[in-house]
Amino acid sequence: MQPYFFPYLGYFSLIDRVDDFIFFDTVQVTRQTWMTRNRILKQNGIDWNYIMPELPKQPLGTTLLECRLQSGSQWKQKLVGQLQQYKGFANHYKATMALMEEILHVPHTTLVDFNIDSTIKLARYLGLSTHFSRLSTLGISYEAAEDAGKWGLQISKAVGATVFINPVGGQTLLDAAGFKQAGIALGFVENQLSAYPQGSSVDFVPGLSLIDALMCCGK
């Protein structure tokens, strides 16, 4: 999976169901996607706001490995300020803010390093023991995929996987025949995430960053 910016609970559900989670860190960075932003509850409790790192202007075609973070800590200070609105209603505000400050304290210079490091820290905080690796550092050889749906197959063959697990949304994109021919079983995670008490909102706002679930529910 691509390394996302403080991903939602379902991303960690996928992590929990695999032995080895490989960050697909060699892709082109795309702004206004989960790679570069996520969402938290808005202060009015009935909507959401984006949270995001600050990225300097970069050429088209920049890969995640090349994508720089804006120097300085202004964007981190802004993020902390956005999270402070949880103080008035979230039961686990103090513990979650302590974790966030630990994550934000590390001086990363690239988006990919920040996304991967923060995701691993969050996973370990939740007690997940999954092994993590980065495609760019595995030192494996694999065929270039003809389309997006075949990257999982090529990488799975290269690392000797026997099962490939994917979010159910990608089911129609994957080359099922290719996986079968390679002797690799396919599995899919379809999350049915329960609503949880979320401030003063009248209706539950689903699909927010894991930060929201930690603030409201705790570890």
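Keep in mind that what you see is a predicted model, and the values were worked out from it rather than measured.

**Student:** Tell me what's going on with helix H4 (residues 111–125), and back it up with residues and numbers.
**Tutor:** Compared with an ideal rise of 1.5 Å per residue, which puts 15 residues at 21 Å, H4 spans 21 Å between its outermost C-alpha atoms and is within 8% of the ideal. Taken together, the buried positions of H4 are occupied by Leu111, Val112, Phe114, Asn115, Ile116, Ser118, Thr119, Leu122 and Ala123. The inward-facing, buried residues of H4 abut helix H1 (9–16), strand E1 (20–23), helix H2 (74–83), helix H3 (93–105), strand E4 (131–134) and helix H7 (210–217). Two residues or fewer past H4, Gly127 is found with a positive phi of approximately 85 degrees.

**Student:** Tell me about the layout of surface pockets, and please be specific about residues and values.
**Tutor:** There is about 1,200 Å³ of room inside the largest pocket. What lines the largest pocket is a set of 40 residues, among which Met1, Phe164, Ile165, Asn166 and Pro167 lie closest to the centre. Looking at the lining of the largest pocket, the elements that each hand over two or more residues are H1, E1, helix H5 (151–159) and strand E5 (163–167). Along the lines of polarity and charge, the residues of the lining of the largest pocket split into 26 nonpolar, eleven polar and three charged. Here the second largest pocket defines a volume of roughly 230 Å³. At the level of secondary structure, the elements contributing two or more residues to the lining of the second largest pocket comprise H1 and H7. Of the residues belonging to the lining of the second largest pocket, the class tally is nine nonpolar, two polar and three charged.

Basis of the calculations
Residues numbered from 1 in each chain as written. Predicted model: local features only at pLDDT ≥ 70, side-chain atom pairs only at ≥ 80, totals over all residues. Heavy atoms only, no water. Helix = DSSP H or I, 4+ residues; strand = E, 2+ residues; numbered from the N terminus. Expected span 1.5 Å × (residues − 1). Buried < 20%, exposed > 50% of the residue type's maximum accessible area, 1.4 Å probe, protein only. Contact = heavy atoms within 4.5 Å. 1 Å grid on protein atoms, 1.4 Å probe; cavity = no way out; pocket = protein on both sides within 12 Å on 5 of 7 lines; lining within 4 Å. Points joined across faces, edges and corners; volume = space filled by probe spheres on them. Nonpolar A, V, L, I, M, F, W, Y, C, P; charged D, E, K, R; others polar.

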